[in-house]
Amino acid sequence: MGRPDWNDYFLDIALSVGRRSTCLRRKYGAVIVKDNVIIGTGYNGAPRGEPNCIDTGVCERERLKVPKGERYELCVAVHAEQNAIINADPDRMVGSTIYVAGINVADGSIASGEPCKLCRRMIKNARIARVVYRTADGALQCKTPGEINN
């Protein structure tokens, strides 16, 4: 096992951040990095002061068997990317990279880290230059926010 490159290093950290997730379905972590220095992190979970799914034991989207990427209005969570952006200094995010990693709770498999449409807009608005994630099959993706196809 050799020394990880920067992408693997920060994706591993994003996975670790995601361990704090309060979602019953998928645990995501996001890390915003500039010049190989972490400037913000976030994980998916209910807004501060609101009940978390792990506390209530209910995921409305799971209960209704809603597919990934649909009916986000039913979810109480703030996405990992959104929380990382909220927690980072806006001036330092200009030209940065966001790393997004996740796992499916049910079986521990890799969950695609591709940001949803809303997160993609927030990433663009934060002036983050690059998004790095793995697809569900483990393929590494390094894209600008405009190159993401969803």
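Residues numbered from 1 in each chain as written. Predicted model: local features only at pLDDT ≥ 70, side-chain atom pairs only at ≥ 80, totals over all residues. Heavy atoms only, no water.

1. Looking at the overall build of the chain
- Within the chain, the secondary structure is distributed over six helices and six strands.
- Each helix (α) and strand (β) of the chain, taken in turn from the N terminus, gives the series α-β-β-α-α-α-α-β-β-α-β-β.
- The C-alpha radius of gyration of the chain comes to 15 Å, within 12% of the 15 Å expected for a compact globule of 150 residues.
- Referenced to the eigenvectors of the C-alpha coordinate spread, the extents of the chain come out at roughly 40 × 35 × 25 Å. (Helix = DSSP H or I, 4+ residues; strand = E, 2+ residues; numbered from the N terminus. Rg over C-alpha atoms; globule rule 2.2 N^0.38 Å.)

2. Some details on empty space enclosed by the protein
- Scanning the model with the defined rule gives one cavity of 30 Å³ or more in all.
- Size it by volume and the largest cavity reaches roughly 330 Å³.
- What lines the largest cavity is a set of 26 residues, and nearest its centre among them are Y28, N44, R61, Y72 and H79.
- Elements supplying a minimum of two residues to the lining of the largest cavity: β1 (26–34) and α4 (80–87).
- Across the lining of the largest cavity, the residue classes tally to 12 nonpolar, eight polar and six charged. (1 Å grid on protein atoms, 1.4 Å probe; cavity = no way out; pocket = protein on both sides within 12 Å on 5 of 7 lines; lining within 4 Å. Points joined across faces, edges and corners; volume = space filled by probe spheres on them. Nonpolar A, V, L, I, M, F, W, Y, C, P; charged D, E, K, R; others polar.)

3. Things to note about α4
- α4 sits mainly inside the fold: six of its eight residues count as buried.
- Listing the buried residues of α4 in full gives A80, E81, Q82, N83, A84 and I85.
- Considering only its buried residues, α4 is in contact with β1, β2 (37–43), α5 (90–93), β3 (97–104) and α6 (117–125). (Buried < 20%, exposed > 50% of the residue type's maximum accessible area, 1.4 Å probe, protein only. Contact = heavy atoms within 4.5 Å.)

4. Structural notes on the nonpolar core
- Residues I32, I85, M93, I98 and I128 are the most contacted members of the largest nonpolar core, which totals 18 residues.
- Among the secondary structure elements, those contributing two or more residues to this core are β1, α4, β3 and β5 (130–134).
- Apart from the residues within four sequence positions on either side, I98 is in contact with A30, V31, I32, E81, I123, I128, R130, V131 and V132.
- If you look at the next biggest cluster of nonpolar residues, it comprises nine residues, including F10, V17, V31 and Y99. (Core = buried A, V, L, I, M, F, W, Y, C linked by side-chain atoms within 4.5 Å.)

Interpretation in functional terms is not warranted from these geometric data alone.
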